[in-house]
Amino acid sequence: MRHIISVLMENEPGALSRVVGLFSQRNFNIESLTVAPTEDETLSRLTVTTIGDDRVVEQITKQLNKLIDIVKVVDLTEGDHLERELMMIKMKANNGTVRAEIKRTTDIFRGTIIDVTPNTFTVQLVGASSKLDAFIEALGTSNIMEVVRSGVSGIARGEKVLSV
Amino acid sequence: MELLSGAEMVVRALRDEGVKFIYGYPGGALLHIYDAIFTQDDVEHILVRHEQAATHMADAYARATGKAGVALVTSGPGATNAVTGIATAYMDSIPMIVITGQVMSHLIGEDAFQETDMIGVSRPIVKHSFSVQRPEDIPEIIKKAFHIAESGRPGPVVVDIPKDMTTPTDRYEYEYPKSVKMRSYNPISKGHSGQIKKAVDMLLAAKRPVIYSGGGVIMGDASDELIALAKELGCPVTNTLMGLGGFPGTDPQFIGMLGMHGSYEANMAMHHSDMILAVGARFDDRVTNGTDKFCPTAKIVHIDIDPASISKTIKADVPIVGPAQAVLKEMLEQLQAAKTKPSAESLKTWWEQIEEWRGRHGGRYKTDDSKQMKPQQVIEMLSKVTNGDAYVCSDVGQHQMFAAQYYKFNKPNRWINSGGLGTMGFGLPAAMGVKLNFPEEEVVCVTGEGSIQMNIQELSTISQYGIPVKVICLNNQSLGMVRQWQDMNYESRHSQSYMQSLPDFVKLVESYGHVGIKVERYEDLEGAMREAFAMKDRMVFMDIAVDPFEHVYPMQVPRGSMRDMWLSKTERT
């Protein structure tokens, strides 16, 4: 099963490499990983999506918790949560039919065309990973020139917060 | 407040932490620190002949005392030579501080002379690591390093210090912190009472209980609590390789080590038990054998300070996270307060079964089919001559298993071996580390002619500091454990497992100024051993010729259950 694990860690040099190293060292899988500082500059928030059975995911959260730089770990998929990923996708758009189709599909997915040249469109799309996958599928891969995805960020619904 | 340079702060902080000895080897990046060592008398430096030995000395001190040992190595090759020692400590959860020199800050990343990214290299084998960025942080970093290394589940901590952090002319106010607080690190201090209650109820209801205890009892200083609990329950106790000495080896409730080379009765008792109380042990693959066949009728209570050790390989029915000492203490209190007692009748039946197993195969080896001395006989003699009281520091291989099986450890912290990593070359420096700190105690290195040659250069360190350890070398002229596997699985094709061109060990140690004794006949063994131990202030190397064809038994059949064992070259369960 796919899990979204949120981690609050000290904003220290080397902290990220400890997390990434742990995953490779213990043969855990990483689907995506994002990391950035929070409103408290001493803390970074890291989100990792991974696939594994209950035993593996339990080990992942326990082993993450053991890292000294890590302050808190939560498996967001255990409760109601919101998941978002940002994608920018550059596509060949060199005739009217294609341009119209990309525009139409982008509207349906509530994306935005953020760059236009005579031969290309670049679309920005935000949503759960599955929505981004669906967008790619809807347009087909033949026109895609480049895809960049931010990796998943997540947050719990309601009043639950991950903080120190 | 006193003004000190970074280099002086390193040494002063070690002094203020109560460190008596540090083990190390100088080099360019450490010259300022070595100069600071020269100008004081509080911390004594022991110059090894290879950095690996420095780490093993520090490690063994920690195993004997529970306090972190300290090694000091220079950047680049000095640091990488320490890697095996760090990994050894990591696998066995041993507190250790390894201070590594680093090139000047402005050179980092430029492939400077003797530069290695030691934080990166050591990352998977440390509990934590620090890179010093500002000299004034040194006291706090060292305090944190000790705190992290020694608390919770212990482990090695690397402190990487660029040379410019120790410049003698840059001086800062020095104050050693009394304590440290870290929001991201709060080791647990007691177990969950509700979980302990569940475990107690299960223990009271159990008909065939076994206590399976490991290194967590030794490092967690919980031997007394374990003994008290076992006495209250009246059940059998087995120890892991790392847990030997946690329960007295001569106590009738002790049924030996368990696992791959565990005793017949311990493995049988585990397999047939209905309740396993695991304390400070981690269900390692050398213990469980095939996990899908592991102890099919047993409910499992698992006490460990590291939640990640619980249900990692074998699912626990009742997990209890906490330090062994505190949890066992509370468990005993709850047991004593309970209205019921364990069923005496069930226990009696259980013990009859165990005694039958013990009588059938317990602790036997054959001496009649060969004129040569058996390695087991040597260990039994060692146990007799030292009254089971010596610090026994082992290398890795058959001799290690024989020592674990036949030396009767009655006290914790006295069996010092590389269990998790299985580091050949560990034994001699380990014995040196213990002997330096316990000069009045008997300290023995049990080794083989293979392992001893992996750190034999330390004979020179022993001469320099006069460290009178006793080496018991079980010389079978082959890498015995490799050879055993080749006998059992590769139709005795002994690929590269002969030890050829062996030195004359007696002459070799004599050249360093030590005493060498060669023993070839069992009749001479006791006399020679007593003679060796009578030389209190001399290092004595006993080169003992043993049967090269002996195997270690029992030996579990790979991927079988606990009870599937070879009992000799021809008998199987």
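What counts as what
- Sequence order as written defines the numbering, with residues in each chain counted from 1.
- Chain A is the first chain written and ligand 1 is the first ligand written, with later ones labelled in order.
- At least 70 in pLDDT is required for a residue's local features to be given in this predicted model, at least 80 for side-chain atom pairs to be given and counted, and no such filter applies to totals for whole chains, interfaces and linings, which use all residues.
- Helical segments are the DSSP runs of H or I of at least four residues, strand segments are the runs of E of at least two, and each set is numbered from the N terminus.
- Exposure is read from a count of other C-beta atoms within 10 Å of each residue's own; the residue is exposed at 12 or fewer, buried at 20 or more and partly exposed in between. C-beta atoms are placed from the backbone.
- Radius of gyration: C-alpha atoms only; globule rule: 2.2 Å multiplied by the number of residues to the exponent 0.38.
- Note that contacts rest on C-beta atoms placed from the backbone: two residues are in contact if these are within 7 Å.
- Throughout this entry, Asp, Glu, Lys and Arg are counted as charged residues, while Ala, Val, Leu, Ile, Met, Phe, Trp, Tyr, Cys and Pro are counted as nonpolar. The remaining residues, Gly among them, count as polar.
- What makes two strands pair is DSSP finding at least two bridges between them.
- Under this scheme, a helix contributes an axis fitted over its contacting stretch, all axes are lines through C-alpha atoms, and angles between N-to-C directions fall in the 0 to 180 degree range.
- Delimitation of the domains relies on an automatic or database domain assignment.
- In this usage, the nonpolar core is the set of buried Ala, Val, Leu, Ile, Met, Phe, Trp, Tyr and Cys residues whose C-beta atoms join them within 7 Å.
- Any angle between 65 and 115 degrees counts as roughly perpendicular, while under 35 counts as roughly parallel, over 145 as roughly antiparallel, and the rest as oblique.
- Working rule for handedness: look at the near helix, and if it is turned counterclockwise from the far one by less than a right angle, call the crossing left-handed; if clockwise, right-handed.
- In this scheme, a helix's expected span is set at 1.5 Å multiplied by one less than its residue total.
- Starting at the helix axis, one direction is taken to each C-beta atom, and the arc is that of these directions.

Q: Please clarify how the overall build of chain A should be interpreted in this entry.
A: Regarding its fold elements, chain A presents four helices and nine strands. Taken from N to C terminus, the helices and strands of chain A fall in the order β-α-β-β-α-β-β-α-β-β-α-β-β. Projected onto its principal axes, the C-alpha coordinates of chain A cover approximately 55 × 35 × 35 Å. Looking at chain A residue by residue over its 164 residues, the buried ones come to 24%.

Q: Help me understand the overall build of chain B in this model?
A: Within chain B, the regular secondary structure consists of 21 helices and 22 strands. In terms of overall dimensions, chain B is globule-like: its C-alpha atoms have a radius of gyration of 24 Å, near the 25 Å expected for 573 residues. Relative to its 573 residues, chain B shows a buried fraction of 56%. The contacts in chain B between residues at least 6 apart in sequence include a share of 76% that link residues at least 24 apart.

Q: I tried to follow the interface of chain A and chain B on my own but got confused; where do I start?
A: Interface size is often expressed as the accessible area that is lost when the parts come together. Between chain A and chain B, the contact holds 16 residues from the first and 12 residues from the second. Mapped onto the side of chain A that touches chain B, the elements with two or more residues apiece are α1 (15-25), α2 (54-66) and β4 (70-75) of chain A. Per-element tally for the side of chain A that touches chain B: the top contributor is α2(A), with five residues. In terms of residue class, the side of chain A that touches chain B is built from four nonpolar, six polar and six charged.

Q: Looking at this structure, how should I read the sheet that holds strand β2 (residues 32-37) of chain A?
A: Where strands meet in a sheet, backbone hydrogen bonds hold them as pairs that are either parallel or antiparallel. Residues and elements named next belong to chain A. Spatial strand order, β2-β3-β1-β4: four strands in an open sheet with antiparallel pairing. In the strand order of this sheet, the two ends are held by β2 and β4, each with one partner. Adjacent strand axes in the sheet meet at a mean angle of 15 degrees, parallel and antiparallel pairs treated alike. Two strands pair when backbone bridges link them, and strand β1 (residues 2-10) and strand β3 (residues 43-51) are joined in this way by nine bridges, in the antiparallel orientation. Residue pairing for β3: R2 is matched across the bridge by I51. α1 contacts β1, β2 and β3 of the sheet and is inclined by roughly 150 degrees relative to β1. Along the sheet face, α2 touches β1, β3 and β4 and points at about 165 degrees away from the line of β4.

Q: Which parts of the structure should I look at to understand the domain arrangement of chain A?
A: All names here are of chain A. Here chain A is described as being made up of domain 1 (2-79) and domain 2 (82-153). Taking only C-alpha atoms into account, the centre of domain 1 sits 29 Å from that of domain 2. The interface is formed by six residues belonging to domain 1 together with five residues belonging to domain 2. Looking at the side of domain 1 that touches domain 2, the elements with two or more residues in it are β2 and β3.

Q: What should I look at first to understand the environment of K312(B) in this one?
A: All names here are of chain B. Locating K312 in the fold gives a position in the loop between β13 (299-304) and β14 (318-321). Among the residues examined, K312 registers 20 C-beta atoms within 10 Å and is labelled buried. Distance from K312 to F283, taken between C-alpha atoms, is 8.2 Å for residues 29 residues apart in sequence.

Q: Mind showing me how you'd approach the nonpolar core here?
A: As a rule of thumb, nonpolar side chains are buried together in soluble globular proteins. With 197 residues, the main nonpolar core has A71(B), I97(B), V159(B), C393(B), V444(B) and I472(B) as its most contacted residues. Here this core takes eight residues from helix α3 (residues 51-65) of chain B, the largest share from any one element. Residues contacting I472(B), with those up to four places away along its chain left out, are V378(B), L382(B), V444(B), C445(B), V446(B), M542(B) and I544(B). Residues M87(A), M91(A), I102(A) and L125(A) belong to the second largest nonpolar core, which totals nine residues.

Q: It is not clear to me how the pairing of β3(A) should be interpreted in this structure. Could you clarify?
A: Across a regular strand the side chains alternate sides, sitting on one face of the sheet and then on the other. With seven of nine residues buried, β3(A) is to be regarded as a mostly interior element. Joining the antiparallel neighbours β2(A) and β3(A) is a turn of five residues.

Q: What am I meant to see in the pairing of strand β6 (residues 112-116) of chain A here?
A: All names here are of chain A. Counting buried residues in β6 gives zero out of five residues, a small share hidden from the surface. By the bridge criterion, four bridges tie β6 to strand β7 (residues 120-127) in an arrangement that is antiparallel. Within the sheet, the bridge partner assigned to D115 lies in β7 and is T122. Hairpin geometry of β6 and β7 is characterised by an intervening segment of three residues between the two adjacent antiparallel strands.

Q: Mind showing me how you'd approach the domain arrangement of chain B here?
A: Residues and elements named next belong to chain B. The assigned domain composition of chain B is domain 1 (3-173), domain 2 (193-361) and domain 3 (375-552). For domain 2 and domain 3, the distance between their C-alpha centroids amounts to 31 Å. The interface is formed by 12 residues belonging to domain 2 together with 15 residues belonging to domain 3. Split by residue class, the side of domain 2 that touches domain 3 holds six nonpolar, six polar and no charged.

Q: Looking at this structure, how should I read the packing of helix α1 (residues 6-16) of chain B against helix α7 (residues 138-150) of chain B?
A: Any two packed helices are characterised by the angle at which their axes cross and by the distance between the axes. All names here are of chain B. Viewed as axis vectors pointing N to C, α1 and α7 meet at an angle of 30 degrees, and their least axial separation amounts to 9 Å. As far as their axial angle goes, α7 and α1 are roughly parallel. Considering only the axes of α1 and α7, their crossing is right-handed. Mapping the contact onto sequence places G6, M9, V10 and A13 in α1 and I138, P139 and I142 in α7. Of the residues in the contact of α1 with α7, the class split is six nonpolar, one polar and no charged.

Q: Would you mind showing me how to read helix α3 (residues 96-108) of chain A here?
A: Every α-helix winds through 3.6 residues per turn, so residues three or four apart in the chain are directed the same way. Between its first and last C-alpha atoms α3(A) spans 18 Å; for 13 residues at 1.5 Å apiece the expected length is 18 Å, and the two agree. Phi for R110(A), located one or two positions after α3(A), is positive at around 55 degrees.

Q: What's the story with the packing of helix α10 (residues 223-233) of chain B against helix α13 (residues 324-337) of chain B in this structure? I'm lost.
A: All names here are of chain B. Running from N to C, α10 and α13 point in directions that differ by 25 degrees, and their axes come no closer than 9 Å. The angle between α10 and α13 places the two elements in the roughly parallel class. In terms of crossing hand, the pair formed by α10 and α13 is left-handed. Along the contact surface, α10 presents E225, L226, A228, L229 and E232, while α13 presents Q325, L328, K329, M331, L332, L335 and Q336. Across the contact of α10 with α13, the residue classes tally to seven nonpolar, two polar and three charged.

Q: Looking at this structure, I do not really get helix α2 (residues 31-38) of chain B. What am I missing?
A: Residue and element names in this part refer to chain B. Those residues of α2 not exposed but buried are H32, I33, A36 and I37. Seen end-on, α2 carries its buried residues on one side only, within an arc spanning 145 degrees. Considering only its buried residues, α2 is in contact with α1 and β3 (44-47).

Q: Quick question: what am I supposed to make of the sheet that holds strand β18 (residues 470-475) of chain B here?
A: All names here are of chain B. Pairing within the open sheet is parallel, and its six strands lie in the order β16-β15-β17-β18-β20-β19. Of all the strands in the sheet, just β16 (415-416) and β19 (515-519) have a single pairing partner and so form its edges. Inspection of the sheet shows strand β17 (residues 443-448) paired to β18 by five bridges, in the parallel sense. Each residue of the ladder has a partner; that of C445, found in β18, is V471.

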